[in-house]
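Breakdown of the fold
Given next are the chains, with one letter for each unit.
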Amino acid sequence: MEATFSSEQARALDAADPLAHFRQRFAFPEPDLIYLDGNSLGRLPLASEALAHELVTRQWGERLIRSWNEGWFTLPARIGGKLAQLVGAAPEEVVIADATSVNLFKLAVAALQQQRGRTRILTDDLNFPSDLYVLQGVIETLNAGHQLEIIPSVDGVHGPVDALLARLDDDVALVVLSHTVFKSGYVYDMAAITAAVHASGALVLWDLSHSAGSVPVDLAGAGADLAIGCTYKYINGGPGAPAFLYVRRDLQPLLQNPISGWMGQHAPFDFDLTYVAEPGMRHFLTGTPPVLSLALIEPGVDLLLDAGMAALRAKSVQQTEYFISLWETMLAPLGYTLNSPRRSAWRSSHVSLRHAEAWRINQALIHELNVLPDFRAPDTIRLGMAPLYTTFIDLYRAAERLRCAVEARLYARYENRRTAVT
Ligand SMILES: *Cc1c(COP(=O)(O)O)cnc(C)c1O
């Protein structure tokens, strides 16, 4: 792309965007706000606003406990079954429950129990820290001599594929990776890694939190064993919405849920005193589902299915490429460096920039430039392109404001003190 960018050009790209109309299906109470944090908390679908009202006033307020038999009880499997289409799984292979971290605990323990005799767990240092904390807790809990090997990335951007593959042998029990890396947006080749892990006899668990609804995922095609992921990022499920978990069909009867609660019991309302697992995916459930936040995941899933992952991916690639071109001409001269893969096949739907003044620039963007990106310590600004509603003019203006924050030294008015949530 030549180095002449303009708002007219950005508007022309929006006019040619076949997915542009999806923006009208989201709430935009502040039309001028440039929201580039859909990779952290997706926007509110208008259908979710209406559904929240219906859930509270009619399903809860009027129907009361009768609602359990009018759809609530089957929500984890029904919405999971729909979400399965976004990640290339069969409907019987996905349920919704708990937080991503809790699901990781359940599946990692289940996998390690099944892989007795093997002691090593491989991951990388680009993984989401909560995943590492959970794995450390799993090892403490099992107290069976497992070891966590955290393979370092060479450049902090790309996954350490060769080093990881070199560590695979018959002592590795489980490989746990974020399919999309949360800081740089690097995407692993799921099929290739899964095949290599299987050749060593180990199992692989993919964290799809930054992939679901952002990049096409084909769990079945890759033959993936296990997966988890959250629903409040690109799926637009709402703050703290419960997460999903996937177990390949043939593994379901072989793996036990270590938090064996009544929702996973084959007949929970018999109130038997002994746990007998439901054979299918339902035995990975534990307690009563959070109906309100669970039900509110569905409108976001419907929007993604409606748009189609292939079309969403095409727009996402176009938008991240466009933004990287803007960075190259407008921002690189001002000390911003690119912290995401240049190759689009290796990049998901956000672009990370680093800058020595990232924290204070971020403050200036939020407080006076009407841009909401997010900040990841120590010096990274992430700009998330959510193809259902991000426009090219948003991206052009965001680049202009990132330039202005440095050129006009707007950041210098802010302190270097962090808030509790970044
Ligand atoms: C956002 C995210 C999570 C979220 O975990 P919760 O337990 O649902 O808070 C987990 N893993 C990754 C890779 C994430 O990006």
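Here the structure is a predicted model, which means the values were calculated and not measured.

Concerning helix α12 (residues 358-368)
For α12, a buried count of 8 out of 11 residues is recorded, marking the element as mostly surrounded by other parts of the structure. Looking at α12, one finds that the buried residues are Ala358, Trp359, Arg360, Ile361, Asn362, Gln363, Ala364 and Leu365. Next to the buried residues of α12 lie β11 (371-372), β12 (374-376), β13 (380-384) and α13 (392-407). One or two positions beyond α12, positive phi appears at Asn370, with a value near 60 degrees.

Comments concerning the environment of Leu292
Within the fold, Leu292 resides in helix α9 (residues 291-295). Overall, the relative accessible area of 34% leaves Leu292 in the partly exposed class. The spatial distance from the C-alpha of Leu292 to the C-alpha of Gln59 is 9.8 Å, given a sequence separation of 233 residues. Look past the residues within four positions of Leu292 in its chain and what remains in contact with it is Leu55, Val56 and Trp60.

Describing the pattern of salt bridges
One pass over the structure, following the stated rule, counts 24 salt bridges. Of the charged contacts, one joins Arg23 and Asp394 as a salt bridge, the two residues approaching to 3.5 Å between their closest N and O atoms. Here Arg23, found in the loop between α1 (7-15) and β1 (34-35), pairs with Asp394, found in helix α13; they are 371 residues apart in sequence, far enough to count as distant. In this structure, Asp306 engages Arg25 in a salt bridge whose closest nitrogen and oxygen atoms are separated by 3.1 Å. Of this pair, Asp306 sits in helix α10 (residues 298-307) while Arg25 sits in the loop between α1 and β1, placing them 281 residues apart in sequence.

Description of the domain arrangement of the protein chain
When its domains are assigned, the protein chain resolves into domain 1 (2-31 + 308-413) and domain 2 (50-305). Distance between the C-alpha centres of domain 1 and domain 2: 30 Å. Between domain 1 and domain 2, the residue contacts involve 24 residues of the former and 22 residues of the latter. Counting across the domain 1 and domain 2 interface gives 0 salt bridges. Within the residue set of the side of domain 1 that touches domain 2, elements represented by two or more residues are α11 (309-331) and β10 (350-354). In terms of residue count, the dominant contributor to the side of domain 1 that touches domain 2 is α11 (3 residues).

Observations regarding unusual backbone geometry
Residue Pro378 is reached from Ala377 by a cis peptide bond, and omega for that bond is 0 degrees. Looking at where Pro378 falls in the secondary structure, it is placed in the loop between β12 and β13. In this structure, Asn236 takes a positive phi of about 60 degrees despite not being glycine. Assignment of secondary structure puts Asn236 in the loop between β7 (226-229) and β8 (243-247).

Observations concerning the site of the ligand
Taken together, the neighbourhood of the ligand is formed by Ala99, Thr100, Ser101, Phe128, Asp131, Ser178, Asp207, Ser209, His210, Tyr232 and Lys233. Note that a nitrogen atom of the ligand is positioned 2.7 Å from one of the side-chain N or O atoms of Asp207. Between the ligand and Lys233 there is a distance of 2.5 Å, counted from an oxygen atom to a side-chain nitrogen or oxygen. Taken by itself the ligand offers 390 Å² of open surface, and the protein chains cover 87% of this. By residue class, the composition of the shell around the ligand is 3 nonpolar, 5 polar and 3 charged.

What counts and what doesn't
Residues numbered from 1 in each chain as written. Predicted model: local features only at pLDDT ≥ 70, side-chain atom pairs only at ≥ 80, totals over all residues. Heavy atoms only, no water. Buried < 20%, exposed > 50% of the residue type's maximum accessible area, 1.4 Å probe, protein only. Helix = DSSP H or I, 4+ residues; strand = E, 2+ residues; numbered from the N terminus. Contact = heavy atoms within 4.5 Å. Salt bridge = Lys/Arg side-chain N within 4 Å of Asp/Glu carboxyl O. Domains from an automatic or database assignment. Near = heavy atom within 4 Å. Polar contact = N/O pair within 3.5 Å; in protein donor to acceptor, adjacent residues only side chain to side chain. Areas by Shrake-Rupley, 256 points an atom, 1.4 Å probe, with all protein chains shown as cover. Nonpolar A, V, L, I, M, F, W, Y, C, P; charged D, E, K, R; others polar.

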